[in-house]
There are 4 protein chains.
Amino acid sequence: MIFASDNWAGVHPAVSAALSETAGGFDSAYGSGAWDSRVSALFNLIFERDVAVFFVATGTAANALALASAARPGGVIFSSTEAHILTDEAGGPEFMSGGNRVRGVSGPPGKINPVALKAAMAHFDGGPVHYGQPAAVSITQATEMGTVYSRDEIAALADIAHARSLPLHMDGARFANGLAALGCTPAEMTWKSGVDMLSFGGTKNGCWCAEAVLFFDPAKAKEFPFMRMRAGQLFSKSRFVGAQFEAYLTDNLWLNSARHANAMARQLADALTASGSARLPWRPDANEVFPIMSTATAKRLKNAGAVFYEWDLPEGFDGELDEDERMHRFVTSFATTEADIARVETALRG
Amino acid sequence: MIFASDNWAGVHPAVSAALSETAGGFDSAYGSGAWDSRVSALFNLIFERDVAVFFVATGTAANALALASAARPGGVIFSSTEAHILTDEAGGPEFMSGGNRVRGVSGPPGKINPVALKAAMAHFDGGPVHYGQPAAVSITQATEMGTVYSRDEIAALADIAHARSLPLHMDGARFANGLAALGCTPAEMTWKSGVDMLSFGGTKNGCWCAEAVLFFDPAKAKEFPFMRMRAGQLFSKSRFVGAQFEAYLTDNLWLNSARHANAMARQLADALTASGSARLPWRPDANEVFPIMSTATAKRLKNAGAVFYEWDLPEGFDGELDEDERMHRFVTSFATTEADIARVETALRG
Amino acid sequence: MIFASDNWAGVHPAVSAALSETAGGFDSAYGSGAWDSRVSALFNLIFERDVAVFFVATGTAANALALASAARPGGVIFSSTEAHILTDEAGGPEFMSGGNRVRGVSGPPGKINPVALKAAMAHFDGGPVHYGQPAAVSITQATEMGTVYSRDEIAALADIAHARSLPLHMDGARFANGLAALGCTPAEMTWKSGVDMLSFGGTKNGCWCAEAVLFFDPAKAKEFPFMRMRAGQLFSKSRFVGAQFEAYLTDNLWLNSARHANAMARQLADALTASGSARLPWRPDANEVFPIMSTATAKRLKNAGAVFYEWDLPEGFDGELDEDERMHRFVTSFATTEADIARVETALRG
Amino acid sequence: MIFASDNWAGVHPAVSAALSETAGGFDSAYGSGAWDSRVSALFNLIFERDVAVFFVATGTAANALALASAARPGGVIFSSTEAHILTDEAGGPEFMSGGNRVRGVSGPPGKINPVALKAAMAHFDGGPVHYGQPAAVSITQATEMGTVYSRDEIAALADIAHARSLPLHMDGARFANGLAALGCTPAEMTWKSGVDMLSFGGTKNGCWCAEAVLFFDPAKAKEFPFMRMRAGQLFSKSRFVGAQFEAYLTDNLWLNSARHANAMARQLADALTASGSARLPWRPDANEVFPIMSTATAKRLKNAGAVFYEWDLPEGFDGELDEDERMHRFVTSFATTEADIARVETALRG
């Protein structure tokens, strides 16, 4: 009953097998080998166009480097107030970009409200040089709050960004969960909706370390190989990331795993609601559930072996909590089982 | 007959097996799990003292972050003119350290001459603020030129660094090869000889991505967790690096692999010298051989299937090359076989 | 009737005369001359202890470098939501500090509320490395909203900062105006109340470019000379800053100028209030007045020759504005005259 | 007899008078005032085209920011081994550019040899990403060694830079001295010879702080206002820099001052050579003289009141020095008098 995070899970057997099969032999290092070109071609296929793909070590690296590629002097990056880049990367985007700032914009849980984005950007429209200047807009899909942007919502934010000649970045640490929720194609959820750069994450969904930065316009990526290198993010034995991605993207493993995780989240949400001892301020679209429970309920679940975290209310949350109530986060993954959910149900029943 | 680099090799079967065995189950993320503590303890054992160990993604990251932890405003880092940090990291140490400079100091192939180091540092002794100030000394063991510092040589450089209150950093991308060459203990080659920080590399010697920064005085590492995090170098599923290191450091796998690679280099050196069509400006101590050969000889080897690179002469090299001669680099690894060497011999014979 | 900013004013005649008198002769460059030591001594005298003084070119440089000296990996600097460092320095502190973040904390106009500060800092207390860590607290005196912290208010914030081993920085771009308002000594308003670093500004109060960073504990300033040099902030003919400061700090010129500016602000505030066509959401303590007026009133004043800016409401402002109303900022200086105020009165009367 | 540096001199009376005359009244701050546009127009006139002009506080700031505007990830800036940016700015260009590296290229005293530049750049031509990539070429005019590039020499280096799409930057801390030596127009010495960016210095030649960055193609300067702002290099009372430049550029003050300084250097060179107790390894083209003298001779001059520095031999200097001999640097300025030279002559005679 591990709901602490999807990165507490291990590696999907298919990915593990691919790693083992890649172990022997020799291959050209630093991303110039046969594996790398094969996996690049796979990304082109999946995204229905030529994309520039760069493997990196972590999701934070993917975000920080993608955003650094859009950095400007005095630059301001707009994100949701709950965005990982703003709250959970220890200033990685600021560090990698030479001090660009990340500015939270309010909205529904995990999302940017387009009206609020326009208002926030208007401040940087013709004012003095002291204010700095906009550099990029970043959204997360699925969001950190378990919600998922619709394609129209993405397109609306893209339009606002593009009207100011800014790129739209998507943090896809849980890309597959978002995609499974929307039921559209990868192309539709990204460049067809106006996304320019994507942090494509495989780690949380069954790889052990498979993260990549994608540029939908490869011409924008010309300096990126040097940015990745000087950041110590170019693997020498790059083929092992390639092998993970190949297994991940083959036979729908990624989507099937994400669908499973999302389904488990829905079951968990239902169980929590049905129990009467927890309530959900919003329904999960993907694989994260945020129940509000009393500390007694939380303790009962912990005693039964469930692992999960207490969580800060999202900025601007307008519900009321009793003094004894707290919000909590439960994350499901490819490794969550129906038995896990059943045990939660039992524990809730007391 | 792949001699292009030791990172063209794959993964040692024992390391691969360990990765597979770690695949299942759940563990706490971001380096706080059971694996991490176990591997930490293993490092303490091997180095005969409490060390602070931080896994990172690449050797460049290890070097750049270790040196960044010693950065000072206007700082100058002294290294060999052939050091990887100076020539092959695309400015990684400069980037990570907020613009500290790496300054090459002359010496024997791959090494710093202590007299030259003292002279270079003397320039920064009481001069105007315009010069900047020394920040660190960095050596590579085994060096980029296939040579190995003796313990006395390390201690002599450490003394010079410490006299100026500077840390001595060791780039140990080929740590095991150096250790196998010296035949001493890890403690003797590092902190007992005055080394303060170590980039400990396992990737080139049979892991797929297992690199770490070690601080021999853990009190100096207090800010390092944040440095690693903001650089996007903290793996979420950190246990997979731990699993590699555990296999690597168990049953002498690391030393046996390095001894094998070094032995292959010696055999290759002998074969080259004996052939009469190549000469070695210096004997290899570790697993890299730098023969000077005619382009015709090089072509013959390539036609026979050998993969290796032409290489720049080290700065200050005082030998003479015929117009048709070039220096080349051959790197051996755990995966090099005696059959590979035999085929080189055959090809040399024409 | 220039109320646009106190930096639209020129140079006080006494400062100008001092510059002229310094013009001839030779002196050691880069802050090592006779002038520099004399002015250093003057700062020691005024602050009643040995302080480390560093001249820089601008207030933004003073703030950014002072804060950079306190930077930590993943560091967070806490300031008022209206702080110049957060809103008007184009990311200077972020840039100079290698990506430390500035985080606005709510409070009365221009100030940090100590309860809000404690709450904001509590988030960084024992959480995961992902959050980063606190680096400094920065307050502005007089604030950007024309208010002035009492000594007790400063001490309360200092206690919170020091409890976390963080330095308290004071942005003193309008230091003299704050001091004149409080009527205490420079020592009392700074280190005796817990301030560790001060951006000491003379430019807005009658110099042409005289800004300095002061460390009340000179031992904390050991690396600062290199930080200033590499930022291109070390003047070669440093004595000309020294000459300005010497004139500024002699015969109470600085305090008399500030008292005059503050008095003009009070007269202006009275005139605005008395007119019935403007209201003040808070009384000015120093030399900035923020009337809420209709656009018609503002236009009348502009037609009469008054220069001033429309201004954003401070974050969290809880008053109500009519649709036609706007907040505006009027800044007085040593060069503002009673005649200027009288002309505003006349214009307000219509 | 101050020959320590041209920045030990004070301010030319005409510049001082201009500062005094600017003291009163009000003007728009931050470079948007009437003075600023007037001085901009003056620069256009002098350089015979529209240039983008940005005042900054110091020569180091001008160099570091100009080069930062050309920075690339993994970037390498090529300069003379004696360049101020390499040896005397405490890593300012590295800091401001996010870690671009400055690489010394050999040549005649203070200059880059075009053949050596081509060779140095060839290393970065198609190699692995590990090497980084070229970012800019920077020359100093007049050089740090008192020599002056001919227009053909500048054009040859510009051609090499432009062939790689790199900008040519000129550090003109002693621009007027170079110009006076060549006897050509400012346009001829800069953009007509291929210079793209210029650090234009007035401080060493009679201003107190008047430095500017010039872009000969203003379209390349679009991001520069934000770079200057976040570096704390935008003066609020910018008109005082404007006033200095206006006086400096009026009635040939700048060229007359430089001609005088250069003439004094030639007289000093003649006096040193004629004395028989000093020799010049190269003739001064501008206002710096580098005599080789015995320590006894140097002592005699110091006892007579001359102030000057012992100086490191330029890298690659091929002359021989006796054990007792040292190189020294003498700098003349607008404030050097014939009487100063006469006193040197007398002292040399013993």
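Right above here is the structure, for reference.
Scope of this entry: the structure provided in the associated data block. (Residues numbered from 1 in each chain as written. Chains lettered and ligands numbered in written order. Predicted model: local features only at pLDDT ≥ 70, side-chain atom pairs only at ≥ 80, totals over all residues.)

## Quick word on the relation of the copies chain D and chain A
1) Next: After a rotation of 180 degrees and a shift along the axis of 0.0 Å, chain D superposes on chain A with an RMSD of 0.0 Å. Within this description, the copies of the chain are treated as partners about a two-fold rotation axis. Every residue of chain D has its C-alpha some distance from the rotation axis, and the shortest such distance is that of Gly98 of chain D, at 3.2 Å.
2) Next: A share of 93% of interface residues in chain D that are also interface residues in chain A marks the association as one of identical surfaces. (Least-squares fit on C-alpha atoms with pLDDT ≥ 70 in both. Contact = placed C-beta atoms within 7 Å.)

## Comments concerning the interface of chain C and chain D
1) Next: Residue-level contacts link 44 residues of chain C with 44 residues of chain D.
2) Next: For the side of chain C that touches chain D, the secondary-structure elements that each account for two or more residues are α1 (13–22), α3 (59–68), α5 (92–96) and α10 (224–230) of chain C.
3) Next: Looking at the side of chain C that touches chain D, the element that brings in the most residues is α1 of chain C, giving 5 residues.
4) Next: Taken together, the residues of the side of chain C that touches chain D sort by class into 23 nonpolar, 17 polar and 4 charged. (Helix = DSSP H or I, 4+ residues; strand = E, 2+ residues; numbered from the N terminus. Nonpolar A, V, L, I, M, F, W, Y, C, P; charged D, E, K, R; others polar.)

## Regarding the pairing of strand β12 (residues 325–331) of chain A
If a strand is regular, its side chains alternate between the two faces of the sheet.
Residues and elements named next belong to chain A.
1) Next: Two elements, strand β9 (residues 288–289) and β12, share 2 bridges in a ladder whose sense is antiparallel. Residue pairing for β12: Val289 is matched across the bridge by Phe330.
2) Next: Taken together, the 3 bridges between strand β10 (residues 292–294) and β12 define a ladder with antiparallel strand orientation. Bridging from a neighbouring strand, Ile292 pairs with Met327 of β12.
3) Next: Here 3 bridges tie strand β11 (residues 309–311) to β12, and the two strands are oriented antiparallel to one another. If you follow Tyr309 over to β12, its bridge partner there is Arg329. (Pairing = 2+ DSSP bridges.)

## Observations regarding the interface of chain D and chain A
1) Next: Each partner contributes residues to the interface: chain D has 15 residues there, and chain A has 15 residues.
2) Next: It is helix α10 (residues 224–230) of chain D that provides the largest number of residues to the side of chain D that touches chain A, a total of 5 residues.
3) Next: Taken together, the residues of the side of chain D that touches chain A break down into 7 nonpolar, 5 polar and 3 charged.

## A short note on helix α3 (residues 59–68) of chain D
1) Next: Burial within α3 of chain D is extensive, with 10 of its 10 residues counted as buried.
2) Next: Burial in α3 of chain D covers these residues: Gly59, Thr60, Ala61, Ala62, Asn63, Ala64, Leu65, Ala66, Leu67 and Ala68 of chain D. (Buried ≥ 20, exposed ≤ 12 C-beta atoms within 10 Å, placed from the backbone.)

## Some remarks on the sheet that holds strand β5 (residues 168–172) of chain B
Residue and element names in this part refer to chain B.
1) Next: Reading across the sheet, the 7 strands line up as β1-β7-β6-β5-β4-β2-β3 and stay open at both edges, with mixed pairing between neighbours. Across the chains shown, the open sheet's two edge strands, defined by having one partner strand only, are β1 (52–56) and β3 (101–105). This sheet shows a mean twist of 25 degrees between the axes of neighbouring strands, independent of strand direction.
2) Next: Across 5 bridges, β1 lies against strand β7 (residues 211–215) in antiparallel orientation. (Axes fitted to C-alpha atoms, helices over the stretch in contact; angles between N-to-C directions.)

## Here we look at the relation of the copies chain C and chain D
1) Next: Rotating chain C by 180 degrees and translating it 0.0 Å along the rotation axis places it on chain D, where the RMSD comes to 0.0 Å.
2) Next: A share of 100% of interface residues in chain C that are also interface residues in chain D marks the association as one of identical surfaces.

## Notes on the pairing of strand β12 (residues 325–331) of chain D
1) Next: Taken together, the 2 bridges between strand β11 (residues 309–310) of chain D and β12 of chain D define a ladder with antiparallel strand orientation. From the neighbouring strand, Glu310 of chain D faces β12 of chain D, where its bridge partner is His328 of chain D.

## A few points about the packing of helix α2 (residues 34–47) of chain D against helix α11 (residues 239–249) of chain D
Residue and element names in this part refer to chain D.
1) Next: Contact geometry for α2 and α11: axes closest at 9 Å, N-to-C directions at 35 degrees. In the packing of α2 onto α11, the handedness of the crossing is left-handed. Contacts from Trp35, Asp36, Arg38, Val39, Leu42 and Ile46 in α2 reach Arg239, Gly242, Ala243, Phe245, Glu246 and Leu249 in α11.
2) Next: When its residues are assigned to classes, the contact of α2 with α11 shows 7 nonpolar, 1 polar and 4 charged. (Left-handed = near helix turned anticlockwise from the far one by under 90°.)

## Some points on the sheet that holds strand β4 (residues 133–140) of chain C
Sheets are built from strands paired through backbone hydrogen bonds, the pairs being either parallel or antiparallel.
All names here are of chain C.
1) Next: The strand order across the open sheet formed by 7 strands is β1-β7-β6-β5-β4-β2-β3, and the pairing between neighbours is mixed. Sheet topology places β1 (52–56) and β3 (101–105) at the edges, where each strand pairs with a single neighbour. Taken over all neighbouring pairs, the strand axes of this sheet differ in orientation by 25 degrees on average, direction set aside.
2) Next: Its contacts with the sheet place α3 against β1, β2 (75–80), β4, β5 (168–172), β6 (197–201) and β7 (211–215), and it is angled at close to 25 degrees to β7.
3) Next: Against the sheet, helix α7 (residues 151–163) engages β4 and β5, with an angle of about 170 degrees to β4.

## Focus on the environment of Glu211 of chain A
Residue and element names in this part refer to chain A.
1) Next: The residue Glu211 is located in strand β7 (residues 211–215) in this model.
2) Next: Looking at Glu211, the number of C-beta atoms within 10 Å reads 29, which means it is buried.
3) Next: In this structure, the C-alpha to C-alpha distance between Glu211 and Pro13, residues 198 residues apart in sequence, is 18 Å.

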